[in-house]
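Now for the letters of each chain:
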Amino acid sequence: MAKETKYGLTSLKKDFPTDESCLEFVFDNLHSRECSCGGTYSLLKGRKKFQCSKCRFQIAPAAGTIFHKSDTPLTLWFHALWVFSNAKSGISAKEMERQLEVTYKTAWRMLKLIREALGKDFTRLGGDVETDSAYFGGKGDGGEYNVRQSTVMRSKALVIGAVERGGRVRTKVVERNSAVEHGKFLEENVDPLFGTRLMTDSTSVLDNAARGYERFMVNHSRKEWVRGDVHINTMESFWSHVKRSIKGTHKAVSKQHLQGYLDAFAFQWSNSRNDRRRFAVLLGTVLLASRV
Ligand SMILES: [Zn+2]
């Protein structure tokens, strides 16, 4: 017997065999079957709309979702979401094109829309939260005596991140390593209340930014990496996982698209344990994203 946590292509085809079954799922996630007039909504045969049995009001459930304005059948969209959900090291448009047997342009567009939808989760992190920043991309090194240091740094992208231990990850590509950027990021992504403990290194850029948080520091410059349960090792393993995966799957990612890729990795990281749950979370997030 297959484990409850597994969710293979067979399960997907069984749960969502037709475009109609996908559309029923979308409708039930966003609307109620019961109309306020007392009637009941059902799918109009051969149309992408539901109609009330009494007042005849019509609802097109895919409107406003990432499935809207797309000639791609819903079963293919669900298949793309399933592939995405299972791609633990990320997925390139080329690979999506191959797996779905669609054009490169279609695969690229689907991936872009899925990544954008993932960036729209606004509930803040809490509990034990680690924050840190990292540089991505750029070519070459600083050269002898670091004479090229400033040129190299300019071509790199700076990313601030925060991770709940055993939970979710948030990242943001920012312009500069400033107290303002860190402060804004923390305010948007980490809840200062409800017993949140913010774990950081001793960087002074956070001195103002982390005000209002209960802050716990390790002093990396004094080679202190862990003190009791104070460390930012989770955040650091997220950075190295993403860097390794980008190298392996995408070779390189432009600054412009980096945020979308980071959101995809954050999704994988946050839901790594259970295939079935991860697919359900992805479907739910993608549908909810259409409403904001
Ligand atoms: Zn009605």
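Whatever comes next refers back to the structure up there.
Residues numbered from 1 in each chain as written. Predicted model: local features only at pLDDT ≥ 70, side-chain atom pairs only at ≥ 80, totals over all residues.

S.K.: Looking at this model, I keep getting lost on the pairing of strand β6 (residues 169-174). Mind explaining?
M.R.: For a regular strand, the rule is simple: side chains alternate between the two faces of the sheet. As judged from the six bridges shared by strand β5 (residues 157-164) and β6, these two strands associate in the antiparallel manner. If you follow Leu158 over to β6, its bridge partner there is Val174. Once β5 ends, the chain turns through four residues before running back antiparallel as β6, passing Gly166 with a positive phi of about 70°. (Pairing = 2+ DSSP bridges. Helix = DSSP H or I, 4+ residues; strand = E, 2+ residues; numbered from the N terminus.)

S.K.: Even after reading the chapter, I still don't get the sheet that holds strand β7 (residues 197-201), so can you show me in this structure?
M.R.: Strand pairing in a sheet takes place through backbone hydrogen bonds and is either antiparallel or parallel in direction. A sheet is described by the order of its strands in space; here five strands give the open sequence β6-β5-β4-β7-β8, paired in mixed fashion. Among the strands making up the open sheet, the edge pair consists of β6 and β8 (214-218). Geometrically, the sheet is characterised by an average inter-axis angle of 25° between neighbouring strands, direction not taken into account. Relative to β7, strand β4 (residues 128-136) is paired through three bridges, and the arrangement is parallel. Looking across to β7, one finds that Val129 is bridged to Leu198. The strands that helix α7 (residues 179-189) touches are β4, β5 and β6; relative to β5, the one it contacts most, it runs at about 35°. Sheet strands in contact with helix α9 (residues 233-250) are β4, β5 and β6, and its direction is about 35° off that of β4. (Axes fitted to C-alpha atoms, helices over the stretch in contact; angles between N-to-C directions. Contact = placed C-beta atoms within 7 Å.)

S.K.: Teacher, can you tell me more about the sheet that holds strand β3 (residues 58-59) here?
M.R.: The three strands lie next to each other as β1-β2-β3, forming an open sheet whose pairing is antiparallel. The open sheet terminates on both sides in strands that have one partner only, identified here as β1 (41-43) and β3. Bridging between β1 and strand β2 (residues 50-52) involves three bridges; their strand directions are antiparallel. Residue pairing in the sheet places Leu43 in a bridge with Phe50 of β2.

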